[in-house]
Each structure stands twice: as C-alpha cells, then as structure tokens.
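One-letter residues, chain by chain:
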Amino acid sequence: MDRIYLDYAATTPVDKRVIETMVPFFDGVFGNPSSAHYFGQMAEGEVESARNQISNLFHSPGYEVIFTSGGSESDNLAIRGAALAARKNRGADRILISSVEHEAINKTAHQLQNEYGFKIDKLRVDNNGQLDIHYLEEILDEKTALVSVIYGNNEIGTINPIVEISTICHKKGIIFHTDAVQAEAHINIDLQQIDADLLSISAHKFYGPKGIGALIKKRSVDLTPQITGGKQEGDFRAGTHNVPNIVGFAKALEIKSTRNNNESLRLSKLRDLLISEVLDSIPDCQLTGHPTNRLPNHASFVFSGIDGNELLITLDMAGFAVSSGSACKVGNPTASEVLLALGINQQLAMGSLRITFGRMTTEEHIEKILDTLPIVIDKLRHGKGK
Ligand SMILES: *Cc1c(COP(=O)(O)O)cnc(C)c1O
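Now for a quick tour of the structure. Because the structure is a prediction, the values reported are computed rather than measured.

1. Observations regarding the site of the ligand
Not every one of the 13 residues close to the ligand is listed here, only the nearest: S72, D179, Q182, S202 and K205. Note that an oxygen atom of the ligand is positioned 2.7 Å from one of the side-chain N or O atoms of S72. D179 is positioned with one of its side-chain polar atoms (N or O) 2.6 Å from a nitrogen atom of the ligand. Taken by itself the ligand offers 380 Å² of open surface, and the protein chains cover 86% of this. Residue contributions to the shell around the ligand peak at three residues, all from helix α4 (residues 71–90).

In structure tokens form, the structure reads like this:
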C-alpha cells in the first residue's frame, strides 16, 4: 500500500542537504566546543557560525540565540526561566498565557502555579482561536511576570496578531514570549518587526533534525537557567553542544528561508482546496481555527458523531497518516482544551482531525484523501467502522 504522510505539523523528514552538512561533525570535527585545544576550537567555530547565521536570518542584532533540545525545552526555559527571574527581580508573581497554548507552555505554567506559588490567568480567544486583544489590555498589570501567546497554532492553524500583542505588553513593560515553533516553519520571522522578547523554535518542524531548537532572547531579558552546570550558552543552558544538530539546524533554516514564499503559496492552494471540498462533501462538519488567517499547510476539522482517535486509526489503515488535534493526545479520550476554548462543545470536539502538508505533498495526495474521507466518516457514523 502507498502510504501518504499528512502530518507535517508533528514532524518533517530531514532534508538530504541537512544530513550531508551534519555528517562530518559526528567523527571528523568531533571536539567538545568547550575545550581549549584545536579540536574543541574547530567545533566551537562551527557552533558560533551556525549561531550567527540563525541570528542573521531573524534580523536580530539585539538578541541572543540560546540552543536547546527543541521547542519543549525552549518553552520551559522561557516560561519558568522568565517567571522565576521576574519574581526575584521585581516581585511579579502572575503569568498570562492564552487558552490555546501547546502543552509545553500550559503544563509549565500550571506547574509554576501548583508548585511555585505563581498565579496563572488564561487569556481568552475568539471562536477562530485568535487572542482577545482587549481582554489582554484590560487584565495586564505590573504584577505580571510574562505573557505567552502562541504564534501559529499547532492544533487549529490560527495565526495570532503578534505585533499588536507585543506592543500591548511593552506599553506596560511586560515580557512577551511567543511559541513560534509552527509559525517559523512557514513565515520568515523578522524580530525587528515583531519585537517579541522571547521566541521558541524547533528544527524538526522545518526539515531539520529532532532534538535541537532555540530560544531567541532579547539581551535585556533576564532568565533563571533551567539546566545548570557548565557555562555553555551564556550560562543560560548547560550541557555539551550537540554540534551535528546545531549545524543541521542552521542549514535547515537557511534552506527554509530561501524557499518559503513560493512553498507557502503552493501549500495554501492545496489547503484551500481541501477545506472547501471537505466542507462541501461531508455533512455536520466544521473547520476549526481561522478560515483565512492560518498556517498555509494546515487544515483542521471537527465531525459530529465521530471519535477522533478512531478516525485517525481508520485513516491510517487506509494509508493516510494524519492527526487528531495534537500528536501528544493519542490514546487520551478527553476533548482538546484548545477546541473547547473556541466554544466548540465537548461532543463535537471529540471528533477532531488535523491534516497538515509539506514539501512532498502533491495535489494527487489531496485528491486521494478527499476520495476516502467522506466514505470513512460515513462508515464510522453508521457503526460500520470496525
Ligand atoms: C512541536 C511543537 C512544540 C514542541 O517542540 P519539540 O521540538 O517537539 O519539543 C512546541 N510548540 C509547538 C507549537 C509545536 O508545534
């Protein structure tokens, strides 16, 4: 059976050019970048040139790039690191996060509330999943340690008005973090323009290796390190550098930034085709997230009378790799909090489906899933799925 991968928001295959760039750093230039000798210095030179390259692609002279093990660690360092530092420096003990964050933000914030004595408030979103700006303006105060709002949503694809949010936070002098892990894969982010204080990215979402990412931090922002030990990464993140991954990360970002515009246009045409056909051909279904202001490769739906996990398994057996909401939710029979935050009811939210495309996706793939999906939904609704 031909299998079709339609889950690029979960991860992407590593670009061959990225693999080639990485190979010499496993055994040739293998030194520890923290070592003072020749072998160490060779490796350090590569780490620093990757760092500069990444920094330049974000137009971020006022920022520093902190390498981490990926999006989750960047989010942890941003939220816990900034919250602890803000409390120490100015007594702030409140954290504002949107109600549609990735679990890496959500659980970190909840831990800070339950075990560190912080108070979290969730920021409202509208039915399309975009932040309610007026509500943010209303409740933001000087007791706030930081605000965190996702840039491009992994579950529903919605893109947030990041510049406006950043401006509101800065008017009150509050640190603003954005999880740009999904957005970064499709938008060439200019930090001069969006002016976020902290931004999380992860290489495996844009054809780079897994286990590497960065927290890009405005130099003026203080963080309490979350991994303590050696002096790597300006004392913000201890641990011997993963040189092959760092070099591969920079290469993946470089490739991505040269092809983004055309690729986004191609993907958004496929997305719009899929969305309009699904809504036309399947009764009792809804698009989730913003109808137009969404990630170019992202289509997400809810179907009434359907169990999302069952739908995912059935589509997998038919050769389509998709997701029900978030990859982390497989086997978890509760409705997604993100979907509930949009005002979708519990029953409907259980029947969610996320289809995300990438470089290998063709119009033929979209046509194939459009042929299969209505039949599968109909069968599952009439109990003939098993
Ligand atoms: C994938 C993802 C993460 C986690 O990144 P990892 O590198 O897999 O840890 C965080 N936030 C968003 C929005 C994501 O899509």
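2. Some thoughts on unusual backbone geometry
For D195, which is not a glycine, the phi torsion comes out positive at approximately 60°. Here D195 is to be found in the loop between α8 (191–194) and β7 (198–202). Its identity is not glycine, yet E233 carries a phi of approximately 50°, on the positive side. Looking at the element boundaries, E233 is found in the loop between β8 (213–218) and α9 (243–281).

3. Examining the pairing of strand β2 (residues 63–68)
Burial within β2 is extensive, with six of its six residues counted as buried. A two-sided burial pattern is seen for β2, the buried positions comprising Y63, V65 and F67 on one face and E64, I66 and T68 on the other. Pairing between β2 and β8: six bridges, direction antiparallel. When the sheet's bridge partners are listed, I66 is paired in β8 with L215.

4. A word on the packing of aromatic side chains
This structure, assessed with the given rule, holds seven aromatic pairs. For the pair F30 and F39, a centre-to-centre distance of 5.7 Å together with 45° between the ring planes defines the contact as tilted. For F39, a relative accessible area of 45% puts it in the partly exposed group. Judged by centre distance (6.2 Å) and plane angle (45°), the ring pair of F206 and F249 falls under tilted. Of this pair, F206 sits in the loop between β7 and β8 while F249 sits in helix α9, and the two are 43 residues apart along the sequence. Given the relative accessible area of 1%, F206 is considered buried. Over the ring of Y135 we find R124; its NZ or CZ atom is 3.8 Å from the centre of that ring. The side chain of K256 reaches across the aromatic face of F206, ending 5.9 Å from its centre.

Calculation rules
Residues numbered from 1 in each chain as written. Predicted model: local features only at pLDDT ≥ 70, side-chain atom pairs only at ≥ 80, totals over all residues. Heavy atoms only, no water. Near = heavy atom within 4 Å. Polar contact = N/O pair within 3.5 Å; in protein donor to acceptor, adjacent residues only side chain to side chain. Areas by Shrake-Rupley, 256 points an atom, 1.4 Å probe, with all protein chains shown as cover. Helix = DSSP H or I, 4+ residues; strand = E, 2+ residues; numbered from the N terminus. Buried < 20%, exposed > 50% of the residue type's maximum accessible area, 1.4 Å probe, protein only. Pairing = 2+ DSSP bridges. Phe/Tyr/Trp six-rings, centres within 6.5 Å; stacked < 30°, edge-to-face > 60°. Lys NZ or Arg CZ within 6 Å of the ring centre and 35° of its normal.

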